[in-house]
Amino acid sequence: MKDLFCSYYTNSADITSYMATRLGVEEGDIILEPSAGEGTFIDEIICSGKNVHIDALDIDERAIAILHEKYKNNPAIAVRKADTLFDSELDTYDIMRLWLKQTDTLTDEELDYFSMVGGHYSKVIGNPPYGAWQGYERRDLLKKKYAGHYVKETYSLFLLRCISVLKLHGRLSFIIPDTFLYLNMHSRLREVLLTKTKIEEILIFPSNFFPGVSFGYSNLSIITLERCETNLAQENRINIFQGFRSSYEFHYTLNSENLTPSHIKKYSLRQADILNMSKCRFVFGESKHISLLNSGEKTLGDVANIVTGFYTGNNKKFIRVLNESVRGAKGYNEIDVEKVYDCTSTAGIDVTDGYVPYIKSSSKRRYLREKDEWFVKWDCPTIKFYHTDKKARFQNSSFYFKTGVGIPMVKSSTIKAFLMQDRVFDQSIVGIFPQNPDNLYYLLALMNSDTINNLIHVINPTANNSANYIRQLPYIEPSAELKNTISVLVKQIIALLQDGKDNEANIVHKKINDFICEIYGATDKKEV
């Protein structure tokens, strides 16, 4: 269930059982559930039969009321709604105690105190909210409280908060999106995790394992950790599992010998090694990919300008589509071809109503787009509007109409890079513009290769190919002779595609792909 606070309530017995087992509930534990929801984790703790104290917090007053009603008649638990988490009765464990408090976990003053004194809880378990919109006023508050951390996403702040209120050697188990492992915006969070905790295990799995949830942009993960001193954190090794086909398979990781089916991949990473990675990013996969990413040699950002394109501020008003059969055409007006002009100036067309071809969507094929399907209003009066409108983004305009390589921001299993010439490109497109024009066709080949495709998915397995990640891809310069050979073959592909000879073009692409695999020392070639 999802509520207005973007809380996805945990309704999977496999997930809750695994997390409670990893948490390791013991007699006398003081346990925090920072986003209690419907009480699924509380149910699991009750099943342990241990006499513990649980502080269950939730920002939603309705959730607290429901929990109180749910547990108040249970003779095995002393339940009460609390205004404070301080209580002398915490020292008494003749019966399990559940204190319910309606509060904002991220700003609660008692949790501030627990953090300041070095921790209060021996265990924390939860499924914090993620994807919730933070209002600007609240965002400003959180920026001050969690300085240097990304505050637009709630789950990462919950994780930081809960680590801070854990006692030394206290344990935590959280279910959260896996984006904290890769995205640049979470680099400070990763630094905290790698220096203040021993991460025991991370499971990565599709979001649809979680009833009612299905993200297009990331997987979910369960992280289990222990708060510790920095010197112990550095030497710790993290077990990471992925490739699960169902949540039932989580139990395989609980056996001491980790006897798992072959489709479940296990990686063991030393925390000190991750800390030394760029942005403290978790990179796991085949050793050849990791070696390339850690080579310390040139990156794509060293040899090319990599930028995103233009945004009108109101696409339905300023963008036209070729016809209704174009993917994503719903809601857009069709273009009047009489109003399309041949213009390559950022100053605009000297008319009152004129359009230019616009690169807005992914390409159906590699190397060369089939035809212009989108058009953007580009007359002089409208250009002036773009420059003054608060919603429009006339960003990176020096690259509009320039020759470069384009790839879609939204990732697919196989990236199809294409040549961009004399066109404005949308913010959904990442443009790659070589600093040396002689590298154009080599870069076009590179971005269409299996090698780079695999590296992109390793460096950032989430759904977006943002410019920041493309810049970090390793760049290996071949010999001048080989680079020229590849460039000639790319030009041959473009000519074949222009003549409608797609099959012949695919054969040439396979030759290029083999060359690049050899340049990068990779062997993971696919059949075209």
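Because the structure is predicted, anything quoted here is derived from the model rather than measured.

What counts, and where the lines are drawn
- Residues numbered from 1 in each chain as written.
- Predicted model: local features only at pLDDT ≥ 70, side-chain atom pairs only at ≥ 80, totals over all residues.
- Heavy atoms only, no water.
- Core = buried A, V, L, I, M, F, W, Y, C linked by side-chain atoms within 4.5 Å.
- Buried < 20%, exposed > 50% of the residue type's maximum accessible area, 1.4 Å probe, protein only.
- Helix = DSSP H or I, 4+ residues; strand = E, 2+ residues; numbered from the N terminus.
- Contact = heavy atoms within 4.5 Å.
- Phe/Tyr/Trp six-rings, centres within 6.5 Å; stacked < 30°, edge-to-face > 60°.
- Lys NZ or Arg CZ within 6 Å of the ring centre and 35° of its normal.
- Salt bridge = Lys/Arg side-chain N within 4 Å of Asp/Glu carboxyl O.
- Axes fitted to C-alpha atoms, helices over the stretch in contact; angles between N-to-C directions.
- Parallel < 35°, antiparallel > 145°, perpendicular 65-115°, else oblique.
- Left-handed = near helix turned anticlockwise from the far one by under 90°.

> Which residues make up the nonpolar core, and what values go with them?
Counting residues in each nonpolar core, the largest one holds 77 residues, and the members touching the most others are Ile202 and Phe282. A per-element tally of this core places helix 6 (residues 154-164) first, with seven residues. With sequence-adjacent residues up to four places away left out, Phe282 is seen in contact with Leu181, Tyr182, Arg190, Leu194, Ile199, Ile202, Ile238, Ile240, Leu269 and Ile274. Core analysis: the second largest hydrophobic core is formed by 41 residues, Leu300, Ile306, Ile456 and Ile516 among them.

> Provide a residue-level description of the packing of aromatic side chains, including the pertinent values.
This structure, assessed with the given rule, holds 25 aromatic pairs. Here the basic side chain of Lys317 rests over the ring of Phe385, its NZ or CZ set 5.6 Å away from the ring centre. A cation sits over an aromatic face here: Arg369 above Phe418, 4.7 Å from the ring centre.

> Residue-level account of the environment of Gly39, with values.
One can find Gly39 in the loop between strand 1 (30-33) and helix 2 (40-47). In sequence terms Gly39 and Gly49 are ten residues apart; their C-alpha atoms lie 16 Å from each other. Residue contacts for Gly39: discarding those within four places in its chain leaves Leu67, Lys70 and Tyr71.

> Summarise the pattern of salt bridges; cite the residues concerned and give the values.
As enumerated under the stated definition, the model contains 22 salt bridges in all. Notably, a salt bridge pairs Asp353 with Lys339, separated by 2.7 Å at the nearest N-O pair. Residue Asp353 is located in the loop between strand 13 (333-334) and strand 14 (355-359), and its partner Lys339 is located in the loop between strand 13 and strand 14; the two are separated by 14 residues in the primary sequence. Residue Asp514 pairs with Lys510 through a salt bridge whose shortest N-O separation is 3.7 Å. Remark: Lys510 and Asp514 occur in helix 18 (residues 502-519); sequence separation between them is four residues, near one turn of the helix. Note on Lys510: relative accessible area 31%, which makes it partly exposed. Via salt bridges that share partners, Arg22, Arg171, Glu200 and Glu201 belong to a single interconnected network.

> Explain the packing of helix 1 (residues 13-23) against helix 2 to me, using residue names and the numbers behind them.
As a packed pair, helix 1 and helix 2 sit with axes 10 Å apart at the nearest point and diverge in direction by 55°. For the element pair helix 1 / helix 2, the angle class is oblique. In this structure, the crossing between helix 1 and helix 2 has a hand that is right-handed. Packed against helix 1, whose contacting residues are Thr16, Ser17, Met19 and Ala20, the element helix 2 presents Thr40, Phe41 and Glu44 at the interface.

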